[in-house]
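A structural walkthrough
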Amino acid sequence: MSSPSEPGAQAPTGVIHDLGYRPYGGPRLGERAVSWSFFLTGLRNTYGLGRSGRSKVLPMGLFGVMLLPALILVGVLVQAKDLLELDSQIVPYSTYPLTTQLLISVFVAAQAPALISRDLRFRTITLYLARPMRRPVYVLVRLASLAAGTFILIASPLLLMYVGGLLADLPAGRETTRFLGAAVGALLLAVLLAGLAALVAALTVRRGMAVAAVIVVLLVSYTVVASIQGISFSTGHESVGEVAGLFSPYTLVNGVQHYLFDSPRATPTPPSSDAMGLLYVAAVLAMAGGSIGALIARYRSVNP
Amino acid sequence: MAVIETVGLTKQYPAVTALDNLDVEVGDGVTGLVGANGAGKSTLIKILLGLADATSGTARVLGHDVATEGAAIRALVGYMPEHDCLPADVSASDLVVHMGQMSGLPYAAARERAADVLRHVGLAEERYRPMGGYSTGMKQRAKLAQALVHDPKLVLLDEPTNGLDPSSRDDMLALVQKVGHEFGIAVLVTSHLLGELERVSDHVVVLDSGRLLRASATTEFLHATGSLIVEVQGRPDADRVLGQALVDAGLTARPAEGQLIEVVVKDAATPDVVRDLTVDLGLGLVRMQERHQRIEDVFREGGAGSVQPV
């Protein structure tokens, strides 16, 4: 190509050469690569990346607010560990998601419709179904994107606290064990919340309705369960509270963490017996499997 | 090898029979699929994509069986749905790139192809704007672009001219013709207007209540249906007077809707005869146009009883 500065023999002309239609002869990727790129796009969309500027505000804002308490806790721990005679995290890892459950619920409620209802409302799903990806794969990948986005939201402050704890010279071995246990809990919680929210969003095509419905399901269930647990604890009927804990993802996952990893209790009535602990684990599996199964069944009836 | 081949294809819904023992063969080039609403066009397309199961019968697309090799077909076929399917908060460029990736193109290739295809369908700078603000014509172009991005061997276009004004309609039809003839991609395009498909398709398939009414090359169609619509004025019974004169002159003429006369074109001189007779009778010739044939005329002519085998 000639640059404008050199006076070439050919004067530059404004002709754009129409190359005509060029067929594609390059590689075509398989289902695994397609699913991976679909997953990444979905994950980016969960945080508003690749969407309009306005849709970045809420997820990014929530992410920041979610990190803020952890940052303060770490600051206090590092600065005033000796003064306050601290030898562990001020707030246990497993309690953090319960303390911030409102933020997590709002995040899931806002982002599930953005991923799930949008394809149904604009009928973009037709374009996906008319491509090689199979229907259940579409459902699972969409769910995985939402779960991964939620996991990042829940686990990031825990990671921050963990790094801060190590900087503050807390015992590394003990902190690592606790942190990993909390990370497993965060993953379970992310899967449960994403599954429930995706199911509600898939049943409510209109976006505003879906947001409200998810918030109601998550907040109301948590509030009711927390109240019952509080009452049962103060009246001495702990077993009632333990059963009630099965009905909110937050208390359920916290109970599992208490049972499996012996993390400190964050609810008044965590599962106290092995039987109840196993019931909690079974309830997590049933809730996750149930919402995935229901989602796949829901999409079976979607007409392209 | 036929691009699409169906044998005894039947789709039975609980209340209606959408496709009734359909035998159709579609080759290269542009094929028009014509039928009234509910004639089974969209059902046929869904079965061809492997998205709906046929009740009985078989169909093969590009040599693949629709019942068992749906994914292989969907990798080779582009589909433009009839209904709206574009997310409002995404730009055409982003959507077409993403859809290219969903068809298995690597990211870099998807971007390059998306830019190419958007240029071919005529979306310029507006491709970077969210599609919520697009006109119907721009939306149809974006829908066509996403169907072409992975360089399919066949595209199924479901009512691409739906909702377009006359000039955008012409643009879209020219685009369909370009895809079929210059890009070398086989096209199956549906419409409920036979007239507009006649202009761009090499073959026309007419469906009526899920049955094949007619399948032939467009040239045969034109030959069989060439007629003129004539409108005259000057006397209250002008149409009848001219009609009688035309019949006396040895032409086939019959009253059409309203005060119009339909004249079957016998040869190139027919319009001249009509003009001369009108002048001789002292009438005013208001218009004389080629009959823009509509689906109803095929019904009137052949009737549902005269189904021709392929």
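Quick caveat, the model's predicted, so the values are computed rather than measured.

All names here are of chain A. Axis separation between helix α10 (residues 249-261) and helix α11 (residues 274-300) bottoms out at 9 Å; the angle between their running directions is 135 degrees. Taken together, the axes of α10 and α11 are oblique relative to one another. Note on packing geometry: the crossing formed by α10 with α11 is left-handed. From α10, Leu252, Val253, Gly255, Val256 and Tyr259 reach across to α11, where they touch Gly277, Tyr280, Val281, Ala283 and Val284. Split by residue class, the contact of α10 with α11 holds eight nonpolar, two polar and no charged.

Moving on, we come to the nonpolar core. Ala112, Ala197 and Ala198 of chain A together with Ala145 of chain B are the most contacted members of the largest nonpolar core, which totals 148 residues. In terms of residue count, helix α7 (residues 172-203) of chain A provides more of this core than any other element does, 17 residues in total. Setting aside residues no more than four positions away along its own chain, Ala112 of chain A makes contact with Leu146, Ala197, Ala198, Ala201, Ala210 and Val214 of chain A. By size, the runner-up hydrophobic cluster in this structure holds ten residues, among which are Val230, Leu246, Val263 and Val274 of chain B.

The next point concerns the domain arrangement of chain B. Under the domain assignment, chain B is made up of domain 1 (4-222) and domain 2 (227-290). For domain 1 of chain B and domain 2 of chain B, the distance between their C-alpha centres works out to 40 Å.

Our focus in this paragraph is the sheet that holds strand β14 (residues 284-290) of chain B. In sheet architecture, strand pairing relies on hydrogen bonds along the backbone and comes in two forms, parallel and antiparallel. Residue and element names in this part refer to chain B. Read from one edge of the open sheet, four strands run β12-β13-β11-β14, paired in antiparallel fashion. Each edge of the open sheet carries a strand with a single partner, namely β12 (253-255) and β14. Averaged over all pairs of adjacent strands, the angle between their axes in this sheet comes to 25 degrees, without regard to strand direction. In the sheet, β12 pairs with strand β13 (residues 261-264) via three bridges, with the strands oriented antiparallel. Bridged to Pro255 within β13 is Ile261. Helix-sheet contacts for helix α9 (residues 238-248) involve β11 (227-233), β12 and β13, and the interaxial angle to β12 is about 160 degrees. Across the sheet, helix α10 (residues 270-280) touches β11, β13 and β14, and the angle it forms with β11 is around 10 degrees.

Residue and element names in this part refer to chain A. When the terminal C-alpha atoms of helix α8 (residues 207-235) are compared, their 42 Å separation across 29 residues agrees well with the 42 Å that a helix rising 1.5 Å per residue should span. Here α8 has its buried residues at Ala210, Val211, Val214, Leu218, Val225, Ala226, Ile228, Gln229 and Ser232. Buried positions along α8 lie against α4 (101-121), α7, α9 (238-244) and α10. Looking one or two residues beyond α8, the residue adopting positive phi is Gly236, at roughly 85 degrees.

Residue and element names in this part refer to chain B. The sheet contact formed by strand β9 (residues 203-208) and strand β10 (residues 211-217) spans six bridges and is antiparallel. In the sheet register, His203 faces β10, and the bridge partner there is Ala217. Once β9 ends, the chain turns through two residues before running back antiparallel as β10, passing Ser209 with a positive phi of about 45 degrees.

Another aspect to go through is the sheet that holds strand β1 (residues 4-12) of chain B. Residues and elements named next belong to chain B. Taken in spatial order, the four strands of this open sheet run β2-β1-β4-β5, and their pairing is antiparallel. Each edge of the sheet is formed by a strand with only one pairing partner; in this case those strands are β2 (17-26) and β5 (64-65). Pairing between strand β4 (residues 56-61) and β5: two bridges, direction antiparallel. Paired with Arg60 across the bridge in β5 is Asp65.

We now examine the interface of chain B and chain A. Listed per partner, the contact involves 33 residues of chain B and 31 residues of chain A. Mapped onto the side of chain B that touches chain A, the elements with two or more residues apiece are α2 (70-76), α3 (92-102) and α4 (107-121) of chain B. By residue number, the principal contributor to the side of chain B that touches chain A is α3 of chain B, which donates five residues. Residues of the side of chain B that touches chain A, tallied by class, amount to 17 nonpolar, seven polar and nine charged.

All right, on to the environment of Arg32 of chain A then. Residue and element names in this part refer to chain A. Relative to the elements of secondary structure, Arg32 occurs in helix α1 (residues 31-46). Given 9 C-beta atoms within 10 Å, Arg32 falls into the exposed group. For the pair formed by Arg32 and Glu175, sequence separation is 143 residues and the distance between their alpha carbons is 36 Å.

Residues and elements named next belong to chain A. Confidence in the prediction for chain A averages 90 pLDDT; 94% of positions are at 70 or higher. Confidence, read as mean pLDDT per element, is least for α9 in chain A (91) and greatest for helix α6 (residues 135-167) (96). Below a pLDDT of 50 lies the segment residues 1-9, which in the model reaches two contacts outside its immediate sequence neighbourhood of four places, other chains included.

A separate point is the environment of Val66 of chain B. Residues and elements named next belong to chain B. Residue placement: Val66 occurs in the loop between β5 and α2. Along the chain, Val66 and Ile47 lie 19 residues apart, while their C-alpha atoms are 7.0 Å from each other. Not counting chain neighbours up to four residues away, the residues in contact with Val66 comprise Ile47, Leu48, Gly50, Ala59, Val61 and Ile73.

Quick look at the environment of Met287 of chain A now. Relative to the elements of secondary structure, Met287 of chain A occurs in helix α11. Here the alpha-carbon distance between Met287 of chain A and Ala210 of chain A, two residues 77 residues apart in the chain, equals 20 Å.

Cut-off values and rules
- Residues numbered from 1 in each chain as written.
- Chains lettered and ligands numbered in written order.
- Predicted model: local features only at pLDDT ≥ 70, side-chain atom pairs only at ≥ 80, totals over all residues.
- Axes fitted to C-alpha atoms, helices over the stretch in contact; angles between N-to-C directions.
- Helix = DSSP H or I, 4+ residues; strand = E, 2+ residues; numbered from the N terminus.
- Parallel < 35°, antiparallel > 145°, perpendicular 65-115°, else oblique.
- Left-handed = near helix turned anticlockwise from the far one by under 90°.
- Contact = placed C-beta atoms within 7 Å.
- Nonpolar A, V, L, I, M, F, W, Y, C, P; charged D, E, K, R; others polar.
- Core = buried A, V, L, I, M, F, W, Y, C linked by C-beta atoms within 7 Å.
- Buried ≥ 20, exposed ≤ 12 C-beta atoms within 10 Å, placed from the backbone.
- Domains from an automatic or database assignment.
- Pairing = 2+ DSSP bridges.
- Expected span 1.5 Å × (residues − 1).
- pLDDT = per-residue confidence, 0-100.

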